[in-house]
Amino acid sequence: MEVTENVLEIRNLVKDFPGVRAVNNVSFDIKRNTVHCLVGENGAGKSTLIKILTGAYNRTSGTTLLNGEAYNPHNPREAREKGISTLFQELNVVDQLTVEENLTLGMEDTTFGFLRKTDKINKMISVMNSIEPSVRPWQRVSTLSVAQKQIVEIAKAAATESNIIIMDEPTAAISEREIERLFTIIQRLREQNVTVIYISHRLDEIFEIGDYVTVMRDGKHIDTKPLSEVKDRAELIKMMIGKTVFEQYTPKEETAQEVVLQVRNLSNHKLKDISFDVRAGEIVGFYGLVGAGKTEIARAIYGADRYEGEILFNGKKLQPAPDKAIAAGIALVPEERRSQGLFTILTIRSNVPVMNLEKISRHGFINSAAERNITAEYIDKLRIVTDSAEKEASKLSGGNQQKVVLAKCLFADADLLMLDEPTRGVDVGAKSEIYSIIRQLSYEGKSIMIFSSELPEIMNLCDTIYLLFDGSLKATIPNGDDVDSEQIIHIVTGGE
Amino acid sequence: MGIIKQVSRKPSFGDHMSNESFITLLMIGVLFVLFSIAAIFVPNFYQPQNMLNLITNNWFIVIIGIGVTFLLITGNFDLSVGGVIALTGVLAVYFSQTANASQNELANGLGLPYGVAVVLALLGAMSIGALNAFFVVRLKVPSIIVTLGTMMFARGIAQVITQGAQRNTSLPSEFGLVGNLALPGTSIKLSVLIMLILLVIAFIFERRTAAGRRTYLIGANADAARLSGVKVGRHLTVLFIISALLAGITGILLASEFKAGVSSRALGYEFDALVVTLLGGVSIMGGFGSVLGMLVGALILSVVTSAATGLLLSPDWQFTLKAIAVFIAIMAQGFALSRRKS
Amino acid sequence: MNPTVLSENVNVKHVQETSLPLRQNWPTVVKRTVKEYYIYFVLAFVVVVFSVAKLDEVALFERGHFLSPDNIINLLRSAVPILTLSGAFTLLMISGYIDLSIGSAMSLSAVVFALMVLSGFGFLFALIVTLIVGIGMGILNGYLVMKLRITPVIATLVTLSLYKGIALLIVPDGLSAIKGNAEHPMPAWINNYARQDVLLGLPLAFYVAVLAIVALIMVQKKTILGKYAAAIGGNPTAAALSGINAVLIVWLLYIIVGFFAALAGVARASFMSLGDPLSGDGMELAVIIAVLLGGTAFSGGEGSVAKSVVGAMIIISVTVGMLTVIPAYWQTFAMGSVLLIAAALNHYLQEELKT
């Protein structure tokens, strides 16, 4: 086979979702035996691009050439067979099996079904041990750390002669020492003729490990260049943010409102000693990377996760249970809409009142007329696009589903509304509608907490911005004209 | 605010019907077809008395079917109902048998007044429900395993109390009353009336109450239900206890009807209860089904078994017929729903 | 790339994970040991209890004592069906699936086998036909669960009813089982398989069951099937990504369970000299208890054929031993209680001792 300079060539790749073009005519090359980093903000199209390469999504149009040949996998297995392995954030190892069994899973040599110990196994083990000697082949994977499990997966990919290994945020859940080790492994892989596509939000890592970097923004390819030609983080951040004109944030008239929520020394498995206040009518934003602890703060306040520390709402200590939080006047729009927010097999009418069934009931009996009325009211008020209130929630578009979840929370008559990634997977039109609803609520005196990994969203809406990194509160910034978005990115990507 | 009006297409028939109603209607259609076929082939099938029997004969399955339906909607099984029926009946008899009546151990009870005996027996039933809930909610053991265990546990207690047989002597005369009482001027038993009342209550619970709605929420998405403020564990506990209570009521009525506490009473009823809920379109995937559907399922089962008897098929046919009916029902419902969605 | 550009940014703060999983503290080691070996202690405990129970009446190892040769032989003979079945059932549970129809499948097999023998066919032919029937039942279960995607519990509850129904239909009206009568007697040799002393007072059926256990332990530990079952039960996504065809594997496991259910049915028919359509009733419960005692996870991925066999021995010891101490009508209560205790214990071992 002729060895091409580029191991992967992406040409005019397009991926459309209903209402959104997630990947917009992207073309770039990935050179053989390099570490190619992919950066961009959330929603920039990185993960969609990766999912096309791994066969999880089908492209709308465009071509990809692997080693000069057309490459269009239909599922991750096919991608793996063609030489592209992926280290997903959700690790694909079987905890109950041993390291050796995991390495050979799906590639066993057998005689009449009996497993045979062949040179292949020894080779795989030696590949693994060359990467990481401390992992023993007879160990059960459940006894390994996240980093060690990653190593098992990497070893499997390396031993199966993968041309390309895609690593999706591999450092999100591992320690500093383990990261150093991972980088050594990546260097070694490159020497062994493997190309690594490396996705991370942590820009320092990009500089440390990368040869090339591709920046994406709003589904478009911005630039691909050698990292040696990138001056510093600031230049990279500029490319990522671009000249995005933030929708103008309008500061509120300063009236000292009373404090509604007091969080003191909040800590748990993810969070480290977090304290802050939220005032009535205030919109506060929590910004940080994936895994920075945003969702965990929301869930702790809501009583869905355990925590240490003290949370006072309207001066009273909150009992840690969702039903208690709702009764006290707090509502949460969860991060995972379909699995945590919505009852997809039920109708819109059945979804809207669930957080406050008492309001439409007397003595435990639901008033159907009231139920229909309030559903109609919210469909109208939030402009939920549907032909009937009796439509199953699963049949709505992402934006409309999110509006149903929002309606649920609004109907709970909460004084404090927490929104976790409120516009993820929502089209542009619905997005701006959701923003105007949030502003309206704040004018009405409700307190809003927004947890988002989209900076424009935070800059656009919030009066106060909290920056999170690795479960700690790194900075508090009052929003205004002088807020420096580059400085913000610098902080949440781990800069001092 | 400028409202973007969607161009709405003209609603066609059934568009606004829920999937539950759709399946219930479908099964009513099946019931009608099956009944017609049976009426053609089986002599005297359409006689009023026979038709009445179709509705009244399975009253005990319908009563326990109510509890089983609600639990199935939340995604849980209750296979303990048959055992609970036997246990409650035996307990009621044992409690109300005269104390020290004779040498025969099985004739000696506790000599409690009938009312007290019934209440205590029902408490016994409910404690089995509480046991189910404890294992499912607190220990997170799958309901299928737990209720298989309590099925034997409950029946086992009944067998121990009756020494593996039954207790039927030295009972007060009022013991046989409720189970044999007929409505004035008819042959319809009080038990059937109780079934109807419980059905109406269950129907209202399902359609009209907040608690009924929460049952569906838990089945549709337990995580989302918890985050929406539903006390999932407490709700399931109450449902398990209600299911056991309904089985207990059935047990009291059957014990009264036969004036005996029989340890082998209601063998396999848990399976019949499951069969009628499945025939009625209740889905173990959760969040889907209705009491009305279960009733239709019970009627279908009635028609099938009664037609089989009418055609002089041996009673041995019942297991096979039930199995085939459930398979066809599951496949047909799945097919109909997928066609409706597309 | 130019390393000097990086120098000022290298001091990145990352999660400081201190827990190194390889370093174990003592309590963990103790917990692991308990988890690993507790079932042998339970078996020993049960044996000791029944050995001591009636020492005032019967001397140790004397006739009538729990540990007398007679009783042990009796115990092992009645253990044949559950021993035959529990291994295959464990493999299926490890893959995250369940088969509640095994009791009925066993009954139907017993009926078929007895019918064949009564009809004048030889042992080998009757055996082969019965095993084919068992395989057929496994194919049907697998088809309903893996192809039609009916929930395993529902699908196999329904086939439970179906197989039992067919068994009842095969038995002629007015009879409770397939059995011989005066003019048409059941051949006496039907007994040989499950009763005739082959070695150490035990019949061939027992040694076949032992062979089945050994074979299934080998399957779990040494073959691709055992490994794939664990992979499918442990992490279905990873299994699929590795190219494992879960439909095929689990279907095969259902067929294996059907095969051994038929083998157990043959043993039961031979033991009773008749084909009783209800003889397998409750077998699914006994097997589930055995498997739960053996520590197989509800959710799949984890389990051991060998330990299920020990669990099966516990069940049989309890049922047989109890008969020497308390009346038979305590049996159901005892089984129900043991199932609940086993479930609680299993939960405790899976959840609390996870680390």
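What you are looking at is a predicted structure, and each value in this text was computed from that prediction instead of being measured.

Before going further, it helps to examine the overall build of chain A. Counting secondary structure elements, chain A contains 17 helices and 24 strands. Taking 2.2 N^0.38 as the reference for a compact globule, 496 residues should give roughly 23 Å; the C-alpha atoms of chain A span a radius of gyration of 25 Å, in line with that estimate. Dimensions of chain A along its principal axes, counting C-alpha atoms only, are 75 × 55 × 45 Å. Among the 496 residues that make up chain A, the fraction classed as buried is 50%. Taking all contacts inside chain A whose residues are at least 6 apart in sequence as the whole, residues at least 24 apart take part in 69%.

The helix and strand tally for chain B stands at 14 helices and two strands. Relative to the globule expectation of 20 Å for 342 residues, the C-alpha radius of gyration of chain B, 22 Å, shows essentially globular dimensions. Taking all 342 residues of chain B together, 52% fall into the buried category.

So, on to the sheet that holds strand β23 (residues 464-469) of chain A. Residues and elements named next belong to chain A. Read across the sheet, six strands follow the order β18-β21-β22-β15-β23-β24 without closing on themselves; strand pairing throughout is mixed. Edge positions in the open sheet fall to β18 (330-333) and β24 (472-478), since each of these has one partner strand only. Taken over all neighbouring pairs, the strand axes of this sheet differ in orientation by 15 degrees on average, direction set aside. As judged from the five bridges shared by strand β21 (residues 416-420) and strand β22 (residues 447-452), these two strands associate in the parallel manner. Within the sheet, the bridge partner assigned to Leu419 lies in β22 and is Ile450.

As a general feature of sheets, a regular strand has side chains that alternate between the two faces. Residue and element names in this part refer to chain A. Note: strand β1 (residues 6-17) against strand β4 (residues 61-66), five bridges, orientation antiparallel. Note that in β4 the partner of Glu9 across the bridge is Leu65. Strand direction decides the pairing type here: β4 and strand β5 (residues 69-70), joined by two bridges, are antiparallel. By the bridge assignment for β5, Leu66 is matched with Glu69.

What follows covers the packing of helix α3 (residues 59-73) of chain B against helix α13 (residues 291-310) of chain B. Residue and element names in this part refer to chain B. At their nearest, the axes of α3 and α13 sit 10 Å apart, and the two run at 140 degrees to each other. Judged by the inter-axis angle, α3 sits oblique to α13. α3 and α13 meet at a crossing whose hand is right-handed. Mapping the contact onto sequence places Ile61, Val62, Gly65, Ile66 and Thr69 in α3 and Val291, Met294, Leu295 and Ala298 in α13. Of the residues that constitute the contact of α3 with α13, the class distribution is seven nonpolar, two polar and no charged.

We now examine the interface of chain B and chain C. Across the boundary between the two partners, chain B contributes 35 residues, which contact 33 residues of chain C. Those elements that place two or more of their residues in the side of chain B that touches chain C are α6 (143-161), α12 (269-279) and α14 (317-341) of chain B. If you tally residues by element for the side of chain B that touches chain C, the top one is α6(B), at 13 residues. Here the residues of the side of chain B that touches chain C are counted per class, giving 23 nonpolar, eight polar and four charged.

Glancing now at the nonpolar core. A:Met418 and C:Ile289 are the most contacted members of the largest nonpolar core, which totals 378 residues. No other element matches the 18 residues that helix α12 (residues 246-272) of chain C contributes to this core. Structurally, this core is a two-domain feature, drawing no fewer than three residues from each of domain 1 (6-241) and domain 2 (259-492) of chain A. Apart from residues lying up to four places away in sequence, A:Met418 is in contact with A:Ala298, A:Ile301, A:Tyr302, A:Ile330, A:Leu332, A:Val333 and A:Met449.

Of note, B:Ser170 is a non-glycine position whose phi angle comes to about 40 degrees, a positive value. Here B:Ser170 falls in the partly exposed class, since 19 other C-beta atoms lie within 10 Å of it.

All right, on to α6(B) then. Residues and elements named next belong to chain B. Over its 19 residues, α6 extends 26 Å from the first C-alpha to the last, a length consistent with the 27 Å expected when each residue adds 1.5 Å. Across the 19 residues that make up α6, a large majority, 18, are buried. Just past α6, the residue Gln163 takes up positive phi, approximately 50 degrees.

This next bit is on the confidence of the model for chain B. All names here are of chain B. Of all residues in chain B, 94% have pLDDT values of 70 or greater, and the mean over the chain is 87. Across residues 1-15, where pLDDT falls below 50, the model places eight contacts with residues more than four positions away in sequence or in other chains. Under the prediction, the complex receives an ipTM of 0.84, its pTM being 0.86.

Residue and element names in this part refer to chain B. Interhelical geometry of helix α4 (residues 81-96) versus α12 gives an angle of 135 degrees and a closest axis separation of 6 Å. Here α4 is positioned oblique relative to α12, judged by the angle of their axes. For the pair formed by α4 and α12, the contact residues are Val81, Gly82 and Ile85 on the first element and Tyr269, Glu270 and Ala273 on the second. Across the contact of α4 with α12, the residue classes break down as four nonpolar, one polar and one charged.

Turning next to the environment of A:Ile448. Residues and elements named next belong to chain A. Mapped onto the fold, Ile448 is located in strand β22. Overall, Ile448 belongs to the buried group, with 23 C-beta atoms counted inside 10 Å. Separated by 29 residues in sequence, Ile448 and Leu419 have C-alpha atoms that sit 7.6 Å apart. Contacts of Ile448, omitting those with residues within four sequence positions, involve Ile283, Leu417, Leu419, Ile438, Leu441 and Ser442.

On to the pairing of β1(A). Pairing of β1(A) with strand β2 (residues 20-31) of chain A, which is carried by eight bridges, proceeds in the antiparallel orientation. When the bridges of β2(A) are listed, A:Ile10 appears paired with A:Phe28.

Now for the sheet that holds β2(A). All names here are of chain A. Spatially, β2-β1-β4-β5 is the arrangement adopted by the four strands of the open sheet, whose pairing is antiparallel. Only two strands of the sheet have a single partner each, and these edge strands are β2 and β5. Contacts from helix α1 (residues 46-53) reach β1, β2 and β4 within the one sheet, and its direction differs from that of β2 by about 65 degrees.

All names here are of chain A. Under the 1.5 Å per step criterion, the end-to-end length of helix α6 (residues 176-191) is 23 Å for 16 residues, consistent within 8% with the ideal 22 Å. Every buried residue belonging to α6 is among Glu178, Ile179, Leu182, Ile185, Ile186 and Leu189, and all of these are buried. The buried side chains of α6 occupy one side of the element, clustering within an arc of 115 degrees when seen end-on. Turned more than 90 degrees off the buried face of α6, the exposed positions are Arg177, Glu180 and Glu191. In this structure, the buried side of α6 is in contact with β3 (35-39), α4 (119-131), α5 (146-159), β9 (164-168), β10 (195-199) and α7 (203-209). Positive phi appears at Asn193, one or two residues downstream of α6, with a value of about 65 degrees.

Conventions and cut-offs
Residues numbered from 1 in each chain as written. Chains lettered and ligands numbered in written order. Predicted model: local features only at pLDDT ≥ 70, side-chain atom pairs only at ≥ 80, totals over all residues. Helix = DSSP H or I, 4+ residues; strand = E, 2+ residues; numbered from the N terminus. Rg over C-alpha atoms; globule rule 2.2 N^0.38 Å. Buried ≥ 20, exposed ≤ 12 C-beta atoms within 10 Å, placed from the backbone. Contact = placed C-beta atoms within 7 Å. Pairing = 2+ DSSP bridges. Axes fitted to C-alpha atoms, helices over the stretch in contact; angles between N-to-C directions. Parallel < 35°, antiparallel > 145°, perpendicular 65-115°, else oblique. Left-handed = near helix turned anticlockwise from the far one by under 90°. Nonpolar A, V, L, I, M, F, W, Y, C, P; charged D, E, K, R; others polar. Core = buried A, V, L, I, M, F, W, Y, C linked by C-beta atoms within 7 Å. Domains from an automatic or database assignment. Expected span 1.5 Å × (residues − 1). pLDDT = per-residue confidence, 0-100. Arc of directions from axis to C-beta.

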